[in-house]
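Observations on chain architecture
For reference, the chains in residue letters:
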Amino acid sequence: MSVAARLFEASGFEGTSVAAILRAADVNSGSLYHFFASKEVLLVAVLEHHLACLEPTLLDPATRATDEPVERVFALLELYRGRLVVSGFTRGCAVADLLAEVGTRHGEARAVGAAYFARWAERVRTWIAADAGSWSGGVDAEALSRLTLSVAQGAIVQARAAGSIEGFDAAVAQLRLLFGLLRQGTEPAGRTRPTRRPTRPRASEVRAVAEAPAERPAEGVGAEDPAWWKAW
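The paragraphs below set out a description of the structure included in this document. What you see is a predicted model; the values in this text were computed from it and never measured.

Cut-offs used in this document
Residues numbered from 1 in each chain as written. Predicted model: local features only at pLDDT ≥ 70, side-chain atom pairs only at ≥ 80, totals over all residues. Heavy atoms only, no water. Phe/Tyr/Trp six-rings, centres within 6.5 Å; stacked < 30°, edge-to-face > 60°. Buried < 20%, exposed > 50% of the residue type's maximum accessible area, 1.4 Å probe, protein only. Lys NZ or Arg CZ within 6 Å of the ring centre and 35° of its normal. Helix = DSSP H or I, 4+ residues; strand = E, 2+ residues; numbered from the N terminus. Contact = heavy atoms within 4.5 Å. Polar contact = N/O pair within 3.5 Å; in protein donor to acceptor, adjacent residues only side chain to side chain.

1. Some words on the packing of aromatic side chains
This structure, assessed with the given rule, holds three aromatic pairs. Ring centres of Phe8 and Phe13 lie 5.4 Å apart, and the angle between their planes is 75 degrees; this geometry places the pair in the edge-to-face category. Judged on exposure class, the residue Phe8 and its partner Phe13 are both buried. Ring centres 5.2 Å apart and planes at 85 degrees place the aromatic pair Tyr116 and Phe117 in the edge-to-face group. Here the two residues Tyr116 and Phe117 agree in accessibility, since each one is buried. The residue whose ring lies beneath Lys39 is Phe13, and the NZ or CZ to ring-centre distance is 4.6 Å. The ring of Phe74 has Arg176 sitting right over it, with the charged end atom 4.0 Å from the ring centre.

2. Describing helix α6 (residues 94–102)
Turn by turn, an α-helix covers 3.6 residues, leaving residues three or four places apart pointing in a common direction. Buried within α6 are the following residues: Ala94, Val95, Ala96, Leu98, Leu99 and Val102. Check the buried side of α6 and you find it contacts α1 (2–11), α4 (39–65), α7 (107–132) and α8 (141–162). Gly103 occupies a position one or two residues after α6 and carries a positive phi of about 60 degrees.

3. Considering the environment of Arg72
Position of Arg72 among the secondary structure elements: in helix α5 (residues 69–86). Discounting chain neighbours no more than four positions away, the residues touching Arg72 are Ala62, Thr63, Thr66, Asp67 and Trp127. In this structure the side chain of Arg72 is engaged in a polar contact, spanning 3.1 Å, whose partner is the backbone oxygen of Thr63.

4. Some remarks on the environment of Lys39
Examined against the element boundaries, Lys39 turns out to sit in helix α4. Residue classification places Lys39 among the buried positions, given a relative accessible area of 16%. Along the primary structure Lys39 and Ala4 are separated by 35 residues, whereas in three dimensions their C-alpha atoms are 9.7 Å apart. Look past the residues within four positions of Lys39 in its chain and what remains in contact with it is Phe8, Phe13, Glu14, Thr16 and Val18. A polar contact of 2.7 Å, which involves the side chain of Lys39, links it to the backbone oxygen of Phe13.

No statement about biological role is implied by the geometric values presented.
What follows is the structure in structure tokens.
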């Protein structure tokens, strides 16, 4: 299954033949079909695998990056940025790619994909909600988390289409501006929030996540690499 996840990410669901999976996994067809009755069943298993890896591979590293809840949103987006750059814009969000490819043909695959994005948005909602109670005018943390998801996916698509990180950075910069506007007016008179530098996960962790094979979570270790950082 892990081999299929890697091949699906590289070549797509339709572009990956069962024969290619068998060769890469070094198994015979009987062994494969013993566990997966069809290629479509294997697709669902791959999506479930990505769902299981979401927290240790992306959400938990972003949580560890900073103690400031809202800044974890931008740490998460930095992990996607690193994946795009390291892969030469061939890797973005494997789940979104697969769902876009299969469309409405596979209801069970769509359900797993929906669960993946719901879990993604729920973690982001908790980060926003932890800080948004003090924001002026009130904030719908659920709606803002879904907007963040939309910005992330749209920014990934732009970067991959252009083969450049500029569109991604521009989209994230606008999201940061929106967050800043929502936070205005929450400080007592005569006080302003200090200007923060963009929060980033450790550069080594970005590289580890970006280069990690699809079949396993990544753990970032090693020295800082300032070349990764580009302010939004």
